[in-house]
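A structural walkthrough
Chain residues, written in single-letter form:
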Amino acid sequence: MILTPEFIFRNVEAIHPDFLARQGIKALVLDVDNTLTGDGSQMLDESVKAWLQQMREAGISLTVVSNNTAKRVRPFAERIGLEWVSLACKPLPIGLMVARHRLGVTKSQMAMVGDQIYTDRMAAGLYGIPCLFLLPRTPHDKARGVQIKRKFEPHWVQKYFRKGGKLYE
Ligand SMILES: [Mg+2]
């Protein structure tokens, strides 16, 4: 099923290079809002900064794919030194196609990292790549559309735990 997460992490910092090595993942496509920072925020937590450095040292390629506007995504992506795609229309896999081209990897070598079932998890499922699903970084979402979609997420998260899935932290 393309909506039940395959993996759930407490936050982005809980994704470790040894996990990625075991899964054969060499590249990550990163969401921004409530994944790398809060919704609409330009704040970069020291722990996220350190995590990005850890990924680079492990040879993991990184790129940003967000549904948000260029005005919001660009300053954050440039600050962390990553290329970016804005208005990606996730769950449509267009942004992931651009990202894969950019990263130069096969589908099995890349994963989507994000906090929303109906955008990040679904886009990964439609494109045929794994999703490293995260619990949202903050409980706040500005967009009304996101607030509505949030109400339907617990079903899929609970399904993951019922099937014996663990929380990576
Ligand atoms: Mg998000």
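The following refers to the structure shown. Every value quoted in this text rests on a predicted model; they were computed, and no experiment measured them.

Points about the overall build of the protein
Within the protein, the regular secondary structure consists of seven helices and seven strands. Its helices and strands in sequence order give the protein the pattern β-α-β-α-β-α-β-α-β-α-β-α-α-β, from N to C terminus. Projected onto its principal axes, the C-alpha positions of the protein cover 35 × 35 × 30 Å. For the protein, long-range pairs separated by at least 24 residues make up 70% of all intrachain contacts whose partners lie at least 6 apart in sequence. Total accessible area on the protein is roughly 8,100 Å²; 57% of this is exposed by carbon and sulfur atoms. Each charge class in the protein can be summarised by its mean position, and for the 24 positive and 16 negative side chains these summaries are 5 Å apart.

Points about the environment of M112
Note on placement: M112 falls in strand β5 (residues 110-114). What makes M112 buried here is its relative accessible area of 0%. Setting aside chain neighbours within four positions, we find M112 in contact with V29, L30, D31, V65, K90, L96, D120, A124, I129, P130, C131 and L132.

A closer look at helix α2 (residues 46-57)
The terminal C-alpha atoms of α2, which comprises twelve residues, lie 16 Å apart, in line with the 16 Å expected from a rise of 1.5 Å per residue. If you check which residues of α2 are buried, you get V48, W51, L52 and M55. The arc that holds the buried residues of α2, viewed along the axis, is 100 degrees, so those residues lie on one side. Counted as exposed and oriented over 90 degrees from the buried face of α2: E46 and E57. In the stretch just after α2, G59 is the one whose phi turns positive, near 80 degrees.

A look at the packing of aromatic side chains
For the structure on display, the rule yields six aromatic pairs. Centre to centre, the rings of F7 and Y168 are 6.1 Å apart; their planes meet at 70 degrees, and the pair counts as edge-to-face. With F7 in strand β1 (residues 7-9) and Y168 in strand β7 (residues 167-168), this residue pair connects regions lying 161 residues apart in the sequence. With respect to burial, F7 and Y168 carry one shared label: buried. For the pair Y160 and F161, a centre-to-centre distance of 5.1 Å together with 75 degrees between the ring planes defines the contact as edge-to-face. What makes F161 partly exposed here is its relative accessible area of 35%. Aromatic ring contacts, followed pair by pair, group F7, F9, F19 and Y168 into a single cluster.

Side note on unusual backbone geometry
Backbone torsion omega between K90 and P91 reads 20 degrees, so that peptide bond is classified as cis. Structurally, P91 can be placed in the loop between β4 (84-85) and α4 (94-103). We note that L87 has phi near 45 degrees; this positive angle belongs to a residue other than glycine. With respect to the element layout, L87 can be found in the loop between β4 and α4.

Points about the coordination of the magnesium ion
Of the protein atoms, only D31 (OD), D33 (O) and D115 (OD) coordinate the magnesium ion, at distances of 2.1 to 2.2 Å. Given a relative accessible area of 11%, D33 falls into the buried group.

Some details on the nonpolar core
L28 and L132 are the most contacted members of the largest nonpolar core, which totals 53 residues. Not counting the four nearest positions on each side in its chain, L132 is found in contact with F7, F9, I15, F19, L20, I25, L28, A111, M112, V113 and G114.

Things to note about the packing of α4 against helix α5 (residues 117-127)
For the pair α4 and α5, the least separation of the axes is 9 Å and the interaxial angle reads 65 degrees. In terms of orientation, α4 lies roughly perpendicular with respect to α5. Judged by the sense of rotation from one axis to the other, the crossing of α4 with α5 is right-handed. Together, L96, M97 and R100 of α4 and A123, A124 and Y127 of α5 make up the contact between the two elements. When grouped by side-chain class, the residues that make up the contact of α4 with α5 number five nonpolar, no polar and one charged.

Conventions and cut-offs
Residues numbered from 1 in each chain as written. Predicted model: local features only at pLDDT ≥ 70, side-chain atom pairs only at ≥ 80, totals over all residues. Heavy atoms only, no water. Helix = DSSP H or I, 4+ residues; strand = E, 2+ residues; numbered from the N terminus. Contact = heavy atoms within 4.5 Å. Areas by Shrake-Rupley, 256 points an atom, 1.4 Å probe, with all protein chains shown as cover. Lys, Arg positive; Asp, Glu negative; His and termini not counted. Charge placed at Lys NZ, Arg CZ, Asp CG, Glu CD. Buried < 20%, exposed > 50% of the residue type's maximum accessible area, 1.4 Å probe, protein only. Expected span 1.5 Å × (residues − 1). Arc of directions from axis to C-beta. Phe/Tyr/Trp six-rings, centres within 6.5 Å; stacked < 30°, edge-to-face > 60°. Donors = N, O, S within 2.8 Å, 3.2 Å for Na, K, Ca; no water. Core = buried A, V, L, I, M, F, W, Y, C linked by side-chain atoms within 4.5 Å. Axes fitted to C-alpha atoms, helices over the stretch in contact; angles between N-to-C directions. Parallel < 35°, antiparallel > 145°, perpendicular 65-115°, else oblique. Left-handed = near helix turned anticlockwise from the far one by under 90°. Nonpolar A, V, L, I, M, F, W, Y, C, P; charged D, E, K, R; others polar.

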